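Residues per chain are reported as follows:
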2 protein chains.
Amino acid sequence: MHILLLSGGSGKKLWPLSNDIRSKQFIKLFKNEDGKYESMIQRIYRQITACYPDAKITVATSRSQASTVLNQLEDKVGISVEPERKDTFPAIAMALEYLKDVESVPEDEPVIVCPVDLYMEDDFFALFEELTDIARHNRGIALLGTVPHEVQVDYGYIIPDTDSRISRVRSFKEKPDAMTAKRLIKDGALFNAGVFAFPMSYVLDLAHELIAFHDYDDLYSSYRGIKPISFDRAILEKADNIYVLRSTAFLNDLGTWNAIAEVTGERIIGDGYLSDSCRNSNVINDLDIPILAVGLDDIVISASQQGILVSNKEESVDISPYVSHISQEVMFAEKSWGELKVLDIGDDSVTIKLVVKAGKHMSYHNHEHRDEVWVILNGNGRTIVDGMEQPVSGGDVITMEAGCRHTIIADSDLTVIEVQRGKDITTKDKKKYELE
Amino acid sequence: MHILLLSGGSGKKLWPLSNDIRSKQFIKLFKNEDGKYESMIQRIYRQITACYPDAKITVATSRSQASTVLNQLEDKVGISVEPERKDTFPAIAMALEYLKDVESVPEDEPVIVCPVDLYMEDDFFALFEELTDIARHNRGIALLGTVPHEVQVDYGYIIPDTDSRISRVRSFKEKPDAMTAKRLIKDGALFNAGVFAFPMSYVLDLAHELIAFHDYDDLYSSYRGIKPISFDRAILEKADNIYVLRSTAFLNDLGTWNAIAEVTGERIIGDGYLSDSCRNSNVINDLDIPILAVGLDDIVISASQQGILVSNKEESVDISPYVSHISQEVMFAEKSWGELKVLDIGDDSVTIKLVVKAGKHMSYHNHEHRDEVWVILNGNGRTIVDGMEQPVSGGDVITMEAGCRHTIIADSDLTVIEVQRGKDITTKDKKKYELE
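Worth saying up front: this structure is predicted, and the values here are computed from it rather than measured.

What counts, and where the lines are drawn
Residues numbered from 1 in each chain as written. Chains lettered and ligands numbered in written order. Predicted model: local features only at pLDDT ≥ 70, side-chain atom pairs only at ≥ 80, totals over all residues. Heavy atoms only, no water. Helix = DSSP H or I, 4+ residues; strand = E, 2+ residues; numbered from the N terminus. Rg over C-alpha atoms; globule rule 2.2 N^0.38 Å. Buried < 20%, exposed > 50% of the residue type's maximum accessible area, 1.4 Å probe, protein only. Contact = heavy atoms within 4.5 Å. Areas by Shrake-Rupley, 256 points an atom, 1.4 Å probe, with all protein chains shown as cover. Polar contact = N/O pair within 3.5 Å; in protein donor to acceptor, adjacent residues only side chain to side chain. Pairing = 2+ DSSP bridges. Salt bridge = Lys/Arg side-chain N within 4 Å of Asp/Glu carboxyl O. Least-squares fit on C-alpha atoms with pLDDT ≥ 70 in both. Axes fitted to C-alpha atoms, helices over the stretch in contact; angles between N-to-C directions.

This next bit is on the overall build of chain A. A count of helical and extended segments in chain A gives 10 helices and 28 strands. In terms of overall size, chain A behaves like a compact globule, its C-alpha atoms giving a radius of gyration of 24 Å where 436 residues would be expected to give roughly 22 Å. If you line up chain A on its principal axes, its C-alpha atoms span 70 × 60 × 40 Å. A buried classification covers 56% of the 436 residues belonging to chain A. By sequence separation, contacts in chain A at least 24 residues apart represent 67% of the contacts at least 6 residues apart. Put simply, chain A shows about 18,900 Å² of open surface, and 46% of that area lies on carbon and sulfur atoms.

Looking now at the side chain of A:Glu38. Residues and elements named next belong to chain A. Considering the arrangement of structural elements, one finds Glu-38 in strand E3 (residues 37-38). A polar side-chain atom of Glu-38 sits 2.5 Å from a polar atom in the side chain of Arg-46. In this structure, Glu-38 is in contact with Ile-27, Lys-28, Leu-29, Phe-30, Asn-32, Arg-43 and Arg-46, ignoring residues within four places of it in sequence.

A word on the sheet that holds strand E14 (residues 282-285) of chain B. Here we have 6 strands laid out as an open sheet, ordered E13(A)-E15(A)-E17(B)-E16(B)-E14(B)-E12(B), and mixed in their pairing. Each end of this open sheet is capped by a strand with a single partner; those strands are strand E13 (272-274) of chain A together with strand E12 (268-269) of chain B. In terms of strand pairing, E12(B) meets E14(B) through 2 bridges, oriented parallel. The partner of B:Ile269 across the bridge, within E14(B), is B:Ile284.

Before going further, it helps to examine the pattern of salt bridges. Enumeration over the complete set of coordinates arrives at 36 salt bridges over all chains. Across the pair A:Lys31 and A:Glu266 runs a salt bridge, and its minimum N-O distance is 3.4 Å. Linking A:Lys31 in strand E2 (residues 30-31) with A:Glu266 in the loop between helix H9 (257-264) and strand E12 (268-269), this pair joins segments that are 235 residues apart in sequence. Notably, a salt bridge pairs B:Arg370 with B:Glu372, separated by 2.9 Å at the nearest N-O pair. Residues B:Arg370 and B:Glu372 agree in their burial class; the two are buried.

Mapping chain B onto chain A calls for a screw motion: a turn of 180 degrees about the axis and a shift of 0.0 Å along it, with 0.1 Å RMSD after fitting. Those values place the two copies in the arrangement expected of a two-fold rotation axis. Taking C-alpha positions as the reference, the residue of chain B nearest the rotation axis is B:Leu343, at 3.0 Å.

This brings us to the sheet that holds strand E19 (residues 338-346) of chain A. Residue and element names in this part refer to chain A. Spatial ordering of the open sheet is given by E18-E19-E20-E27-E22-E25, a layout of 6 strands whose pairing is antiparallel. Of all the strands in the sheet, just strand E18 (332-335) and strand E25 (397-400) have a single pairing partner and so form its edges. When strand polarity is set aside, the average angle formed by the axes of neighbouring strands in this sheet is 20 degrees. Of the pairings in the sheet, the one linking strand E22 (residues 370-378) to strand E27 (residues 414-422) comprises 8 bridges and is antiparallel in character. Paired with Asp-371 across the bridge in E27 is Arg-421. Seen against the sheet, helix H2 (residues 63-73) touches E18 and E19 and runs at an angle of roughly 65 degrees to E18.

Our focus in this paragraph is the pairing of strand E17 (residues 307-312) of chain A. Counting buried positions along E17(A) gives 6 out of 6 residues, so the element sits mostly inside the fold. On E17(A), burial covers both faces: A:Gly307, A:Leu309 and A:Ser311 on one face and A:Ile308, A:Val310 and A:Asn312 on the other are all buried. Where strand E16 (residues 299-304) of chain A lies against E17(A), 6 bridges are found, and the strand directions are antiparallel. Counted as the bridge partner of A:Ser304 is A:Gly307 from E17(A). Taken together, E16(A) and the strand that follows it, E17(A), pair antiparallel across an intervening segment of 2 residues. Note: E17(A) against strand E15 (residues 291-294) of chain B, 4 bridges, orientation parallel. Looking at the pairing, A:Leu309 lines up with B:Leu292 of E15(B).

What follows is the structure in structure tokens.
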């Protein structure tokens, strides 16, 4: 089975635990059976592979998220990277071309597309097999619809022809107003879970009608010129060979702190203390600084290097307008090689803590406008500075002047304090090189 | 005029902006006329010296607070340091011996004792002169009493003989219950502002009756054996030559976040944003991390490297029982030479940001169990490492192995990242040396 996980979205809604790099799906909020916290993408990957050990999973994502996907799923998945954001249809078309041309998947194979931020119980994924069968059998698109549990104005609705378990789809309605949503539900409409299966060729043929391209390389290089369009708009609302498989699973898009607090069922994640007088309040703390909550009612507190949110739960549903008042400089990030956290921003200096995972290494790069110092806290590895390789371990100090090419290679997990010094320090001041 | 400022108190009540080193009086919360934030000790020093430019001010304080006093008032005051905490009477006796033996103040000079955390309007201090006159004239103790503005169970009460502006004191009542407080107020009792004047010899004679000592050095070296006792218990409740000067000033001990929020009149101090839907809520943020408050009612948020407090205002009055659940490891401190902030605590490592003020230097010291690295961010100065002096400026890196003696001297303000590496890093692992 080929599964395409769509990983998009921006970071405002679950600020400050999300930022411009770490979207909702990458926040480790959900305790698995081993008691470890996992993110939505790690959870859904685990659920899918538990159900289908042989599934081939590809993540379609943006340039800015690719490092985080690699960090969280390592090299267990394929990654199709959009050169820039163009909404779901071009992203899916691109990923299908990637499967066909790069991974050599036969065109008549069915593919399932699934949003990465789908929070479902394990048994939901058992439906995927049936879904591909419906798509293959009907040579069209098969969607998963869930029975509405309440009126939702933020969801998409599927209106089936019949109320049988598998039905043709009559029409779609995206984010209806409450009145329309109520009527739709009364008439038997289903929530669109965003999961759909189809034979690759079916969507690729439609893609060739909408976008002028020959193959993967061609599509990749001409991507910037494509008009953004959603899969729903481009295909679902126009194609006529569309079926829906009905599920009674509870659909929750976990787009708010409130929804997340309900689902995790934990009052405190991270370092926090709630007084007995607190009611219906939650602390989600990614900082090393403890949070003390006293006498709070219906309040969510969420904190990271990025910021500290204290909101009543009702208003926490949409904090985006406020977040825009706050600097969005990225203060933490997961990279393909490990992770980083900004400890201090000073006048013409930035101090960062890095963890480079065993066996990984940074790109070989330099900066035009800043000097850097690495102080190795612990671990073993090697640095290459202007072509000179040397072993490093705890206590070693490496100084790098602006212009000098450098990388660090971790033999065991390496923890490093990096001090950057220069005018106008920015992540853009970085040039990558091949290792000589 | 000789003024003795008592600086004591611990850090729990205004946690997290106070900690074991930085008590309430050192938090910079009050905007002065220049728009700069000052602490209570800086404010009262400014108010007293504005009123009495020639006043000789001595701060009686504990060992743990001495550096912070020096940092905030520099060398403009004398400092009498208690070898350990013994409540107010021994502290005052010690400070008087310091004035007499070290500063050579004649024994018949009057002294005014004043708590450092007294938050009053400027004109209040004009009463100090009259107070010393009353003490001198009556050869006894003269107290400042303020007319109660409300029932207070946390204050001390003075019961005067008469309702005239200056009266003999009949008795005292410390922290009465509400019923008693009401009756006292009805009978004309006054709040004890904690300010009192006396001829030095008057209290020193009483001190010699209670404590066996000859002079300053003797008192200092035998201090650990002294029984703790408050000045109120030791003297006020027993002496009979006590007068009170009545003031109508408003007495506010600013011991709670609520009281501080009212007095400062600022909704936000530091990096914060309150949504329009917030009511009667305050943000006091000492972190570089922004705070966003949405839809809060009657909530105070206060944050530092030490912790983040989110409390309803009513319960914020006593958070001490909760604070005891939280690690009190000191995460920021003001030192005689500047200040420090802990950026990161790792496995066997601590990373700190230091600012050494121009013209100041650390003690020459070493550590038995940790190596250190200094990365100079900016400024100019000199380091001495095992006797070798060298100039340093932005970008320089100095490595110091365990055992090696070192100091840094700032010619201009020096900002430094210090990385400490070793097992069980503690502030106690430090040995000071004279510079060769």
